[in-house]
2 protein chains.
Amino acid sequence: MAWAITKSELDHKNLLINESLLSLGNGYLGVRGNFEEGYDSDFQSIRGTYINAFHDETEITYGEKQYAFPDKQQKLLNVIDAQTVQIYVDGDRFSLFSGEIVSFERTLHLDKGYSERKIHWKSPNGKEVQMEFRRLVSFVTRELFAIDIKIEPLNDVNELKIISRVDGDVSNFTDENDPRVASGHAKRLFVSEAKMTEGFTAIKDTTFETQLDVTCITSTCVDKEGSYNNYISDSVIEEEYKVKGPVRFSKYNVYTDSLRYGENVLEEGIKIQHRLANLSFEELMSEQKEYLDNFWKLTDVKIDGDKSLQEGIRFNLYQLLQSVGKDPISNIASKGLSGEGYEGHYFWDTEIYMLPVFLMTNPAIAKNLLLHRYSLLNSARERAREMGHENGALFPWRTITGGESSAFFPAGTAQYHINADIAYSYIQYYLVTRDEEFLKDYMVEVLVETARLWIDTGHFKDGQFRIDDVTGPDEYTCIVNNNYYTNVMAKHNLLWAVKVFRHLKETNKIEELSNQLNLNADEVELWEEAGEKMFLPYDENLGIHAQDDSFLKKARWNLENTNKENFPLLLHYHPLTLYRYQVCKQADTVLGHFLLEDEADIDTIRQSYDYYEAITTHDSSLSYCVFSIMASKLGYEKKAYSYFNKTARLDLENRHGNTKDGLHMANMGGAWLAIVYGFAGLRVKESGLSMHPRLPKQWNALEFHLRFRGRVIQIKMENDIVCYTLVEGNNLTIQHREEEIHLEQGIEIRK
Amino acid sequence: MAWAITKSELDHKNLLINESLLSLGNGYLGVRGNFEEGYDSDFQSIRGTYINAFHDETEITYGEKQYAFPDKQQKLLNVIDAQTVQIYVDGDRFSLFSGEIVSFERTLHLDKGYSERKIHWKSPNGKEVQMEFRRLVSFVTRELFAIDIKIEPLNDVNELKIISRVDGDVSNFTDENDPRVASGHAKRLFVSEAKMTEGFTAIKDTTFETQLDVTCITSTCVDKEGSYNNYISDSVIEEEYKVKGPVRFSKYNVYTDSLRYGENVLEEGIKIQHRLANLSFEELMSEQKEYLDNFWKLTDVKIDGDKSLQEGIRFNLYQLLQSVGKDPISNIASKGLSGEGYEGHYFWDTEIYMLPVFLMTNPAIAKNLLLHRYSLLNSARERAREMGHENGALFPWRTITGGESSAFFPAGTAQYHINADIAYSYIQYYLVTRDEEFLKDYMVEVLVETARLWIDTGHFKDGQFRIDDVTGPDEYTCIVNNNYYTNVMAKHNLLWAVKVFRHLKETNKIEELSNQLNLNADEVELWEEAGEKMFLPYDENLGIHAQDDSFLKKARWNLENTNKENFPLLLHYHPLTLYRYQVCKQADTVLGHFLLEDEADIDTIRQSYDYYEAITTHDSSLSYCVFSIMASKLGYEKKAYSYFNKTARLDLENRHGNTKDGLHMANMGGAWLAIVYGFAGLRVKESGLSMHPRLPKQWNALEFHLRFRGRVIQIKMENDIVCYTLVEGNNLTIQHREEEIHLEQGIEIRK
C-alpha cells in the first residue's frame, strides 16, 4: 500500500503541478509528466525533458555591475521533445479536452518505476476507445525514455492513425513577463542534424554558447500491419501509422549528450538503440522493477499509522532516486530533473539535506556526489582568486560545472558557508565509511583548500577569530559579521583539516600530499588556532547564540501582525526592510545546533530554538525539517510532528505554491532527515553511531534500515520498544540513548 | 589673469578630455566642446548636447530582481546635434586631421562666457585659410547655442563652401563593450518632424518612453552674397552656402523642450528665434559678458600666490554656474551638462557639496535647488511606501524627476542619509537667509517627512535610538548598523523638525500645517526622544566615533602594500572583499564631523581624522575636499593644502582618469568649500556666521565675498591680517575666531 500516486485532475493549475509530481527520471534523464497528445490551446504546459548537467550559458545583465560579478549563468536545458504522440480515431484527434471523457486516471508507481494513464474516451463523432499510456525512464539503461500505448476500439472504428513526433526545435519555459526572454535566455539550442538512419529517427541539437550536443534516437513500432510514412523537416521528424484497431504502439527514445559521449554522441545513441532492439516494454518494466526492489529493500521507510505520510515519504525517496546524478558529471539539481526552477543548479542543498539520505542507505551514490564536488575544486580555486583570496578555494553558491551562477551576491556568493557545508559532508562520509583511501585521495584536499579560505576570509582580533561580511543560511539577513552557523561550521572545517593532516602524518601518508598541496606544519597550526579561537556570538541575557554580531540588537519583526498575503516576505518587502529586522527565512542558528550539537549545551540549544522559532517564517522549504529534527531532540513532540507533516507532503500538497516549476528536492531529503535524525535520533560522530528514538505517538510503528561501515542495520520502533537488527556485516557497537549496545548479525536487540 | 583655459592638443585622449573641459552650458542647455567639422574616422568623440532634466526611461535588468528594485532608470539624453558645420576650401574639406596645421589654439573664456578656436590651416592642395570659431551658450537666452565662424583666405582661394547640419538622428554615447547597448539604452529619441519653416530649419525629436519632445530651431546666415541651398531628409537638414573670399558665418540654435514648453515646443522655439533676429553675435557676447561680470563680482575667489590654483578655482566656479539648473524642473547633475556619466542624475552631491557655494554667493539659485527637491517630495513619499515604510518620505539616491534610478541598492537606495542631507541643506538655507516664508511653505514639510522616515527606519533598544542596515557615504562599507554619519545627521534632522514645529507654534502658524501634515505633539515628542537618544557609536580605546557598529572590529586594509594599479579599489575587488576591511572610499565619519562639528569634541574629531585618513583611498572625488577642510580646522596645514591641490584641478588634470565622461561637479563645489570652510573657516550656525581664517603660507592673499541675510561681506586674508568689509546691507555681528566683531557698511575691520 501507498506505492501509487494517483491523479485525475484536468484543470490547468493541477495539470501543471502534476507535470512535476508525475515526472519520471533516473538521475541522468528526466521527463515531466506531460500528455503525449498535447493540451487545449490556451494552456501553457511546461513540456520538458532534461539531461542532468546538460546546459548552456546565458549572459547575466546587471543594472550596475560590480567587480567579479559573474558574467554568465549556466542553465539546464529543455532538450529534444520526444513525448509527442497524436492519435486520430476515424479522423477525430484525441484530446482530453474534446469529446467526452468517460473515465480518466493516471498513476505513478513508486515500486515499479513507471507511470500510466488509463482513458475511456468518446470522440466528438461518437467513436469510443479505451487507451492505456505507460512510460518509463529506465534505471537500467539510463539513456532510455520509453512510451507504450494500447488503444482498443470499443465500438465501430475503421481507422486509428498514430503520429509520433520528435521535435528538435525546443526552448526553455518562459513567462511572458520575464524580461530575460528578450535577451535570448529561453532558446539555447539549434537543430544541427535531423534524419532517418538505420530505421531510427535521429535528431541532434547543439547549444549556442557551450557547443554541447544532445541527440535523441527514436525507434517506434506497432504490433499490427498497416501503412507507414515519415516526414522530415529541418527540426521535426514525424512517423505516421495507420491501422485498424486494437493496436499497441511503442516508442523508445534514447538520449545521449556530448558531456558523456563526446563527439560520437549520435553513433552511441544508435548503438544503444540496437542493444534495446530485442527488449519488449514488458521486459523493460521487469528490469525496472528489479532495480527498484533492490532500492526499496534497504531504503524504504515504513510508517504504520498514517497512510498519507507513508505516501509522502515514499514519494520523496523515489523522487530523490530519480533526481540524483550517478555519474561523475552530475549532482542533484535543486528541483531534480522535474522542472526548470533555479536553472538546474546545484546548491548546498545536496550536502546538507540530500547527501545524508544516500550516505546512510546508498553510500556509492553519496560517494559519487562527493566526487562531483571534488571535480569542481579547480573552479573553486579560480573563483577564490577572482574574489580576492590569495589562498584556498571558494565553492560557488550555485553552479552546474563549477562557475558561480548566482546573480545577487548578498544571497548568493556571500554564502561562504557552502565551503564548510561541503567539508562537513566529506567528514560525515568518512565517519560513516572510514574510507581511508577516499580520505587520502580526495577529502584532505577539500579540507585543506576550504580551511585555507577561512584563514584568508577571517582575521584574529582581540584573541578571537572573526569572519566578517558573509551571509548565513538565513537569506533575510545578509552580509553580516560572525554568523553563528558560518563560524561554527568553519571551526569544524578548520579543526578537521588539522585532524586529517595529523592522521595522515601518523600513517606516514602526508609527505607526498604536503608537497602536492604545498602544506606545512605552521599553516596547520594556524588552522588550529583559528578553529579554537573561533568567535561564536553568544547573548548572556537570552542564553542563546546570536545569529550574528548584530542580529539581536535589531527590531523584532511582528509575525503575528503580518498579513498572510505578505508571505513569503521576500515577494513583498525590499531586502533592506527584511535585513533590518529580527526575522528569519529559515533555520540558521538552529541548523548549526543540529549539525554540530556538541558545540552548545542543551539549554542554549533549547533557548535558541524557542527564540528563533518565534521569528522564523519558513519561507524557505529548507526550514521545516530542521525545526522538526530539533523539536524531536528537545522533546517538543507536537511541534516535531507538525513540522514533519509540513515537510513530508510539501510538493504533493503544493504548499509553497510553486511545485509546477519543479519539486523541492532538499525538502524531500529533509523529510527523511526528520524521521531518521529526528524521530529516530540518529547521529554519526567520531565516537560512532548513536540513536535516540522518540516514536511519534500518532504512529504505531516506524521501520527503516541504515548502512554504516559495511553493515546494514534494521531499526524498528514500535510503541515504546526499539528493535535493532544487524542484517549484514560484522558485529558492531552502537549507542542507544545513553547506553552502548552490541549488535550481532541476525540477533534482534530490543530496547 | 587666469581667466582663460587654453588647449592645443590634438591627440585622441586629450581631445576627449577637452570635450568635457571646454563644454559650454547655462544650467538649461549644455554642449560639449566638440569640433564643428568632425574628426578623423577612427576617433570616437562623445558628441553631445544636453538639456538639464530632459530624459527618457530605460529598463533596468537584474540577474535576480528583488522586491522594490526599480524597473526603470531615467537617463539624460543627448539631443539634436546642431554643432556640425563643414567647410570646404576649393573642394578640400577642412579637418584638423588633414592638410597642414600651421597653428591651432582653443580657449574657454571664463570671464566672457564663450569658447573660441583659432586655426591657420593649409589644405592638401595648398590653399591656406585663417579661421576663427566662436561659440556660446547664452546665460541671457537660455535656449540659445550660437556659433560664429570667420574664414579668411590667406592665398588664392576661389570658393568657400559651408555646410551647416542639424541632425535629429542622435544616440547617447555607448561603449562597444557595454552590454546595455543591445537593450536599446542608447537610442532613445526618434525624429518626429524635420522641415524648413519661416526661414529656419526645425527638427523635433520625441523620446520613446516618456514621450517628451525637444526641438531645435536653427537660423544661419553669411555676411556675403553667394549661392544657398538646403537639403531635408527624414532626420537631417543641411544648409549649404557657397561664397568667395573672407566670410563670416553664424548659426543660432534654439532648443526648447516639452518639460518647459509643453505642446507648443516648436512654436515657442520659433518665437525665440524671431526675438533673436536682430541680435548680432557681438551683441550676444556683450550680454554674456554683462551677466558674467555680475556673477564674478561677488562670486570670484582671488588667490594671490598660485596661478594654477587660481585658474582651478575659477574654472570650477564657472562650471558650477554652467551646470546649475535655474528653473523648477532641474537641479545639478553630478556631471553637470558636460557629459553623460551617471546618466545626468541628481545625487546628494547637490546638497552637501554644491548648494553651499550658491547659498553663500547666489542664494536665489540655492533656493531654486531646494524648491526642485521639494517638487520630488511626493515621489519620495511613494518610494517610502514601496520600501515598506508606513510613514515619511524617502528621497531616491539618484534621480531626475523623482523615481529611484539606482540599480545596485547596497551603494544606492541603502544610502538613507540623503534624507538627512536634504534636511541639512534646508536648515542651512534657513540659517543663512532666515526666510520665514520659506520655512513655513516648504521647509517644515521636508523636515516632517524626513523625520518621520527616521522614526520608521530606526528603533529604540536599551535606551538608544538605533538605525540598522543603511549605507553611509563610504561605499566600501555597505549595509551597516548605526553608521555615525547617518545617525548624527538623522539626529540633526529630527531635532530640527522639533525645533521648527515649536518655532511655528510660537508664531501661531502651526495649526493649518498640523492638519495638512496630520501632525500632533506626541509625534513631535517621539522625534525629540529619538534625536536625543540617537546612538552614536564611540570607541573608548581609540577615542573616536566608529564609522558603524562593526567597522572597527574588522581587519584593516593595508593601503601601503596595495599595488597602485589596483586603485580605485572598486574596479579590482568584489564588494564583499571591500566590505570585509577597514577601508574607506571617501570621507564618512570625517564628513559628519565637518557638517556637525559640535556633536564631537575636538580631540575626538582629531583622532577620528587621524584614524580614518590612514584607511581612506579617496577613490571618490567627494573625499579630498572634506579632508582639506578638516585638516584646516585641525591645523594640519600641509595636509589641508595638499588635499586642496588635489581637488582644485581634479578635472583640469584628469586626476580620476574619467573626465571625458563629464566633469566632477561635486568636487568643484568641494574646492570652494575647502577655501571658504577650510582656509577661511566659515561656519553658519544658529548663533550666526563665524570665520576662523588660516591662510595657506604658500599664498600672499585670498579674497572672496559672502552673502548672508541680505548682506554682502568682503573677506580678504593677507599674510596674518584678515579684513572684513560689509559691502551691502545693515550692520551685522559675526564671529572672528573666538571674538565677536561688528560690521558696518563701508568700514573695513582688520584682524
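Every residue gets a number counted from 1 within its own chain, in the order that chain's sequence is written. Just so you know, chain letters begin at A and ligand numbers begin at 1, following the order they were written in. At least 70 in pLDDT is required for a residue's local features to be given in this predicted model, at least 80 for side-chain atom pairs to be given and counted, and no such filter applies to totals for whole chains, interfaces and linings, which use all residues. Water and hydrogen atoms were dropped before computing side-chain values, which therefore reflect all heavy atoms in the structure.

Under the annotation held in an unreviewed UniProt entry, chain A carries the name Alpha,alpha-trehalose phosphorylase and is attributed to Virgibacillus natechei. UniProt positions are given in the numbering used here, feature names are shortened, and annotations may be inferred rather than shown by experiment. Here is the UniProt Sequence similarities (unreviewed entry) comment for chain A, exactly as written: "Belongs to the glycosyl hydrolase 65 family."

Caption draft 1: Layout of the overall build of chain A. By definition, any uninterrupted DSSP run of H or I lasting at least four residues is a helix, any uninterrupted run of E lasting at least two residues is a strand, and each is numbered from the N terminus. Counting secondary structure elements, chain A contains 19 helices and 33 strands. Here the radius of gyration uses the C-alpha set of atoms, whereas the globule reference equals 2.2 Å times the residue count to the power 0.38. Taken against the 2.2 N^0.38 rule, which gives 27 Å for 751 residues, the C-alpha radius of gyration of chain A at 27 Å falls within 12% of a compact globule. A principal-axis box enclosing the C-alpha atoms of chain A has dimensions of 85 × 60 × 60 Å. Each residue gets one of three labels from its accessible area relative to the maximum for its type: buried under 20%, exposed over 50%, partly exposed in between, using a 1.4 Å probe on protein chains only. Each of the 751 residues in chain A was classed as buried or not, and the buried ones make up 65%. Any two residues having at least one pair of non-hydrogen atoms within 4.5 Å are treated as being in contact. Pairs at least 24 residues apart make up 67% of the contacts formed inside chain A by residues separated by at least 6 positions. Positive charge is attributed to Lys and Arg, negative charge to Asp and Glu, and no charge count is given to His or to the chain ends. To locate a charge, take atom NZ for lysine, CZ for arginine, CG for aspartate or CD for glutamate. Across chain A, the mean location of the 82 positive side-chain charges is 3 Å away from that of the 115 negative side-chain charges.

Caption draft 2: Quick look at the packing of helix α5 (residues 307–323) of chain B against helix α6 (residues 349–361) of chain B. Residues and elements named next belong to chain B. To get an axis, fit a line to the C-alpha atoms, keeping to the stretch in contact for a helix; angles then go from 0 to 180 degrees between the N-to-C directions. Direction vectors running N to C along α5 and α6 enclose 95°, while the axes themselves pass 11 Å from each other. Taken as axis vectors, α5 and α6 run roughly perpendicular relative to one another. Of α6, the residues touching α5 (which contributes L317, L320 and L321) are M354, V357 and F358. In terms of residue class, the contact of α5 with α6 is made up of six nonpolar, no polar and no charged. Roughly parallel means an angle under 35 degrees; roughly antiparallel, over 145; roughly perpendicular, 65 to 115; everything else is oblique. Any residue that is not Ala, Val, Leu, Ile, Met, Phe, Trp, Tyr, Cys, Pro, Asp, Glu, Lys or Arg is counted as polar, Gly included; the first ten are nonpolar and the last four charged.

Caption draft 3: Representation of the relation of the copies chain A and chain B in the model. The superposition of copies rests on a least-squares fit of C-alpha positions from residues with pLDDT of 70 or more in both. When chain A is brought onto chain B, the operation consists of a screw motion whose angular component is 180° and whose axial shift is 0.0 Å, with 0.1 Å RMSD remaining. A rotation of that kind, with that shift, is consistent with a two-fold axis. Every residue of chain A has its C-alpha some distance from the rotation axis, and the shortest such distance is that of A:Y62, at 2.4 Å.

Caption draft 4: Examining the interface of chain A and chain B more closely. Taken together, the 48 residues of chain A in the interface contact 48 residues of chain B. Values labelled buried area give the accessible surface lost by two parts on being combined, using a 1.4 Å probe and summing over both. With both sides pooled, the region where chain A packs onto chain B buries about 4200 Å², and carbon together with sulfur makes up 56% of that total. If you sort the residues of chain A by the area they bury against chain B, A:Y67, A:H574 and A:R580 come out on top, with a joint share of 17%. In the sections that follow, a salt bridge refers to a side-chain nitrogen of Lys or Arg positioned within 4 Å of a carboxyl oxygen of Asp or Glu. For the interface between chain A and chain B, the tally reads four salt bridges. Between B:R398 and A:E64 there is a salt bridge, and its shortest N-O distance comes to 3.3 Å. Contacts described as polar in this section are N or O atom pairs within 3.5 Å, which, within protein, must combine one atom able to donate a hydrogen with one able to accept it, while residues neighboring in sequence count only if both atoms come from side chains. At the boundary of chain A and chain B, one finds 25 residue pairs in polar contact (both at pLDDT 80 or more). Secondary structure elements with two or more residues in the side of chain A that touches chain B: α10 (436–457), β20 (459–461) and α14 (575–579) of chain A. Among the elements that line the side of chain A that touches chain B, the one with the most residues is α14(A), at four residues. Looking at side-chain class alone, the side of chain A that touches chain B contains 23 nonpolar, 13 polar and twelve charged residues.

Caption draft 5: Main features of the UniProt feature "domain: Glycoside hydrolase family 65 central catalytic" (unreviewed entry) in chain A. As annotated by UniProt and renumbered to match this structure, "domain: Glycoside hydrolase family 65 central catalytic" (unreviewed entry) occupies residues 314–672 of chain A. For residues 314–672 of chain A, the end-to-end C-alpha separation is 9 Å, with 51% helix and 4% strand making up the annotated structure.

Caption draft 6: Representation of the nonpolar core within the structure. Take the buried Ala, Val, Leu, Ile, Met, Phe, Trp, Tyr and Cys residues and link them wherever side-chain atoms come within 4.5 Å; each set so joined is a nonpolar core. Core analysis: the biggest nonpolar cluster contains 488 residues, and A:M360, A:W672, B:M360 and B:W672 have the highest contact counts within it. Setting aside chain neighbours within four positions, we find B:M360 in contact with B:V432, B:W672, B:Y677, B:L682, B:V684, B:L689, B:H705, B:L706, B:R707 and B:F708.

Caption draft 7: Up close: the packing of aromatic side chains. Here a Phe, Tyr or Trp ring, Trp counted by its six-membered ring, pairs with any other such ring whose centre lies within 6.5 Å, and the pair is stacked when the planes are under 30 degrees apart, edge-to-face when over 60, and tilted otherwise. Using the criterion set out here, one finds 84 aromatic pairs over all chains in the structure. Note on B:Y374 and B:Y442: the rings are 4.8 Å apart at their centroids and 80° apart in plane angle, and the pair reads as edge-to-face. In this pair, B:Y374 is assigned in helix α7 (residues 363–375) and B:Y442 in helix α10 (residues 436–457), connecting sequence segments 68 residues apart. Judged by relative accessible area, which is 25%, B:Y442 ranks as partly exposed. Look at B:F644 and B:W699: their rings are 5.7 Å apart centre to centre, the planes differ by 80°, and that puts the pair in the edge-to-face class. With a gap of 55 residues between them, B:F644 in helix α18 (residues 637–648) and B:W699 in the loop between β27 (688–691) and β28 (701–708) connect regions that are remote in the sequence. Side by side, B:F644 and B:W699 carry an identical accessibility label, which is buried. In textbook terms, an aromatic cluster arises when at least three aromatic residues are bridged by ring pairs, as seen for A:Y342, A:F347, A:W348, A:Y353, A:W397 and A:Y485. Positioned above the aromatic ring of A:F133, the side-chain terminus of A:R117 is 4.2 Å from the ring centre. Note on geometry: a ring has a charge over it if NZ (lysine) or CZ (arginine) is within 6 Å of the ring centre and within 35 degrees of the ring normal. The lysine or arginine in question, B:R556, covers the ring of B:Y611, its NZ or CZ lying 5.1 Å from the ring centre.

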